[in-house]
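Chain by chain, the residues:
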Amino acid sequence: MTLENVRYLYGRVSIDPDVCNGKPTIRGKRITVHTILDYLGAGESVSEILRQHPSLEAEDIPACLAFASRLMDQRYTLQKIA
């Protein structure tokens, strides 16, 4: 893994094409932002997520939410295909 392949967002979320197929992960670990958002969406508490994934830090959870919020702030265009 080279430094050019890794981008850090918010100091907590990283994107590396060699880790989890380039999906956003928590600090380069094999825990995706998507996984954390799914847990939260299912009603899991932050303390339960941290218990299940002891390598996470409490600050990682709000970083996932901030990352997702930043994505939703983008402008999207729908295209009709066929």
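For the structure, see preceding data.
Every value quoted in this text rests on a predicted model; they were computed, and no experiment measured them.

A. Highlighting the side chain of His53. Examined against the element boundaries, His53 turns out to sit in the loop between helix 2 (46-52) and helix 3 (60-72). Among the polar contacts listed, one links the side chain of His53 to the side chain of Tyr39, at a separation of 3.3 Å. Not counting residues up to four positions away in its chain, the partners in contact with His53 are Ile31 and Tyr39.

B. Structural context of the pattern of salt bridges. The final tally for this structure, using the stated rule, is six salt bridges. Note that Arg27 is salt-bridged to Glu57, the shortest N-O span being 3.8 Å. Of this pair, Arg27 sits in the loop between strand 3 (25-26) and helix 1 (33-41) while Glu57 sits in the loop between helix 2 and helix 3, placing them 30 residues apart in sequence. In this structure, Asp60 and Arg27 form a salt bridge, with 2.8 Å as the shortest nitrogen-oxygen distance. Highlighted residues: Asp60 in helix 3 and Arg27 in the loop between strand 3 and helix 1, separated in sequence by 33 residues.

C. A look at the environment of Ile61. Positionally, Ile61 belongs in helix 3. Sequence separation between Ile61 and Ile26 is 35 residues; the distance between their C-alpha atoms is 9.0 Å. Ignoring sequence-local partners within four residues, the contact set of Ile61 consists of Ile36, Leu40, Val46, Ile49, Leu50 and Leu56.

D. Fine view of the nonpolar core. Ranked by size, the top nonpolar core spans 11 residues in total: Val13, Ile26, Ile31, Val33, Ile36, Ile49, Leu56, Ile61, Ala63, Cys64 and Phe67. Broken down by secondary-structure element, the contributors of at least two residues to this core are helix 1 and helix 3. Considering every element that reaches this core, the biggest residue donor is helix 3, with four residues.

E. Inspection of the packing of helix 1 against helix 3 at higher detail. Relative orientation of the contacting elements helix 1 and helix 3 amounts to 100 degrees, with a least axis distance of 10 Å. Considering the angle they form, helix 1 stands roughly perpendicular to helix 3. Each of Val33, Ile36, Leu37 and Leu40 in helix 1 lies in contact with helix 3, whose residues at this interface are Ile61, Cys64, Leu65, Phe67 and Ala68.

F. Just unusual backbone geometry, in detail. Positive phi is not limited to glycine here, since Cys20 has a value of about 50 degrees. Of note, Cys20 is situated in the loop between strand 2 (13-15) and strand 3. You can call Cys20 partly exposed: its relative accessible area is 21%.

G. A nonpolar patch on the surface, seen in detail. Taken together, Leu71, Met72 and Tyr76 make up a surface patch of nonpolar side chains, about 360 Å² in accessible area. Note that Leu71 resides in helix 3.

What counts and what doesn't
- Residues numbered from 1 in each chain as written.
- Predicted model: local features only at pLDDT ≥ 70, side-chain atom pairs only at ≥ 80, totals over all residues.
- Heavy atoms only, no water.
- Helix = DSSP H or I, 4+ residues; strand = E, 2+ residues; numbered from the N terminus.
- Polar contact = N/O pair within 3.5 Å; in protein donor to acceptor, adjacent residues only side chain to side chain.
- Contact = heavy atoms within 4.5 Å.
- Salt bridge = Lys/Arg side-chain N within 4 Å of Asp/Glu carboxyl O.
- Core = buried A, V, L, I, M, F, W, Y, C linked by side-chain atoms within 4.5 Å.
- Buried < 20%, exposed > 50% of the residue type's maximum accessible area, 1.4 Å probe, protein only.
- Axes fitted to C-alpha atoms, helices over the stretch in contact; angles between N-to-C directions.
- Parallel < 35°, antiparallel > 145°, perpendicular 65-115°, else oblique.
- Patch = residues over 30% accessible without salt bridge, like charges linked within 9 Å, V, L, I, M, F, W, Y side chains within 5 Å.
- Areas by Shrake-Rupley, 256 points an atom, 1.4 Å probe, with all protein chains shown as cover.

Interpretation in functional terms is not warranted from these geometric data alone.
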